[in-house]
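Coordinate analysis (summary)
This is what each chain is made of:
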Amino acid sequence: MRYPETKLPKVGTTIFTEMSQLAAEHGAINLSQGFPDFDGPLALLDRVTYYLENGANQYAPMIGVPSLRNAIAVKAERLYSCQVNVDTEVTVTSGATEALFAAISSVVTPGDEVIVFDPAYDSYEPAIELNGGKTVHLALQAPDFAIDWSQVATAMTDRTRMIVINSPHNPTGSVLSESDLDQLEALLKRTDILLLSDEVYEHICFDGEHQSMLRRPELAKRAFVVSSFGKTFHTTGWKVGYCIAPEPLTREFRKLHQYLTFCTVHPIQLALADFMNDFPEHYLELPAFYQQKRDLFCQLMAGSRFKFVPADGTYFQLMDYSGISEHSAKSDVEFARWLTSEVGVAAIPISVFYETAPEQKLVRFCFAKDDATLKRAAEKLCKI
Ligand code: PMP
Ligand code: GLN
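Presented here is an overview of the structure given in this document. Throughout this description, residue numbers start from 1 for each chain and increase along the sequence as written. The order in which chains are written sets their letters, starting at A; the order in which ligands are written sets their numbers, starting at 1. Given that the model is predicted, a residue must reach a pLDDT of at least 70 before its local features are reported, and side-chain atom pairs must reach 80 or more before they are shown or counted; all residues, however, enter totals for whole chains, interfaces and linings. Hydrogen atoms and water are omitted, and side-chain values are computed over all heavy atoms in the structure.

1. Points about the sheet that holds strand β11 (residues 348–349)
- Any two strands are treated as partners once DSSP identifies two or more bridges connecting them. Strands are runs of DSSP state E lasting at least 2 residues, helices are runs of H or I lasting at least 4, and numbering of each runs from the N terminus. Taken together, three strands build an open sheet; the order of strands is β9-β12-β11 and the sheet is antiparallel. Here the strands that pair on one side only, and so sit at the sheet edges, are β9 (316–320) and β11.
- One ladder, built from five bridges, connects β9 with strand β12 (residues 362–366); its direction is antiparallel. Across the sheet, M319 pairs through a bridge with V363, a residue of β12.

Structure (structure tokens):
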């Protein structure tokens, strides 16, 4: 038997799986893969139990339950002054991951170019490549990891189908400003270039408001805006997300969605809708909740030999180990492995998110953890 050639020659097992496995093997504190070590709100868990026990255990509607699509639309209006049609512009998906894959697959055709910003979340490129697209990587520069819009202008060609934006940005924690949206808007005017806006950390944006593509009609009319309830409600294991896009894009998106998964887990959708209606303060208070964790982690790490600039968004903090002379010769992959096995704290190396990684010594820590976990981890990290 000769098995087929791989369709994804550049892909192995994701760094998140690899580092979480290594953390488990060594009993290390896992600040690598991004997930909280605490549960979502009790009232939300109770609603899931309620629906599990009250018959919501068959297929949900393909596009998502009406109450959840409605709660998503209410949020878009409240936060971004954007009116979305709940029937034709909102689709509930099985995590943001499914939404990203469906969005890319619904519009990228062989030979299309898609611009991504490195370090880029690792699910974009495989989806682009599987559809015959070409990924055009533009590298963001440390320490602020801001987008150089003149570089984007140069990279745009008549084959550019899509630009993938991710703000707040994983893994760097940078966020887009209003001026970034102005520049993006100016660049895209008079083009048919689409946007895929990965906004899964929309509610984890510090010192300023999240600049959603939904705020700008000129951008929203060409955008798939993707978000995830996993990040917002501390429930990454539920894998429920959504995509907001104008009707012509949503129509194509749903053609993919109905054959990728058909629909998303039913009782959880109903519970999320109730919870969002009853407790909107949860997502409104999320920035302050995570800012306290960021500040605590940064304060604890101030006594370490790592250098860092506090993240502007997400629940990730980059740390530079170039000043730790005994270890600075290690690549970030080697350093992250060493941290996990010898120090007992797992982190994510950044170079894996680049096409061509620059000479830098950065690892990412997830601070979505109980204060006690952060204290234990920082204690170990401060001893290096
Ligand atoms: N995009 C980014 C930038 C992420 O960090 C993640 C990680 N969780 C996802 C998408 C995927 O989200 P989900 O777990 O809802 O599929
Ligand atoms: N988004 C999470 C992170 O960046 C991981 C998601 C996953 O494990 N696929 O760590």
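2. Some details on the packing of helix α13 (residues 286–301) against helix α15 (residues 371–382)
- Close contact between α13 and α15 brings their axes to 9 Å; oriented N to C, the two are set at 25 degrees. Taken together, the axes of α13 and α15 lie roughly parallel to each other. Between α13 and α15 lies a crossing of right-handed hand. Taken together, the residues of α15 that come into contact with α13 (itself represented by Q292, K293, L296, F297, L300 and M301) are D371, L374, K375, A378, L381 and C382.
- Residue polarity follows a fixed list, in which Ala, Val, Leu, Ile, Met, Phe, Trp, Tyr, Cys and Pro are nonpolar, Asp, Glu, Lys and Arg are charged, and the others, Gly among them, are polar. A per-class count over the contact of α13 with α15 returns eight nonpolar, one polar and three charged. Helix axes use the C-alpha atoms of the stretch in contact, all axes being lines fitted to C-alpha atoms, and the angles between their N-to-C directions lie in the range 0 to 180 degrees. Orientation is classified from the angle alone, with under 35 degrees giving roughly parallel, over 145 giving roughly antiparallel, 65 to 115 giving roughly perpendicular, and any other angle giving oblique. Crossing chirality is assigned from the near helix's rotation relative to the far helix, an anticlockwise turn below a right angle marking it left-handed and a clockwise turn marking it right-handed. Every residue pair with non-hydrogen atoms within 4.5 Å of one another is taken to be in contact.

3. Description of the site of ligand 2
- Near, as used in this document, describes a residue that has one of its heavy atoms within 4 Å of the molecule or strand being considered. Near ligand 2 you find F16, Q33, G34, Y121, N170, Y201, K231, F316 and R364, and these make up its full shell.
- In this structure, an oxygen atom belonging to ligand 2 sits 2.6 Å away from a main-chain N or O atom of G34.
- We define a polar contact as two N or O atoms separated by no more than 3.5 Å, with the added condition that, inside protein, one atom must be a possible hydrogen donor and the other a possible acceptor, whereas residues neighbouring each other in sequence contribute only through side-chain atom pairs. One of the side-chain nitrogen or oxygen atoms of Y121 is found 3.4 Å away from a nitrogen atom of ligand 2.
- For accessible areas, the Shrake-Rupley method is used with a probe of radius 1.4 Å. Any residue's cover is judged against the shown protein chains and nothing else. Computed on the free molecule, ligand 2 has an accessible area of 300 Å², of which 79% lies beneath the protein chains in the complex.
- For the shell around ligand 2, the per-class residue count stands at four nonpolar, three polar and two charged.

4. A word on the sheet that holds strand β3 (residues 113–118)
- Pairing is mixed across the open sheet formed by seven strands, whose spatial order is β2-β8-β7-β6-β5-β3-β4. Edge positions in the open sheet fall to β2 (90–93) and β4 (134–139), since each of these has one partner strand only. Here the strands of the sheet are splayed against their neighbours by 20 degrees on average, with no regard to which way each runs.
- Judged from the four bridges that link them, β2 and strand β8 (residues 241–244) form a sheet pairing that is antiparallel. Bridge assignment links V92 to a residue of β8, and that residue is Y242.

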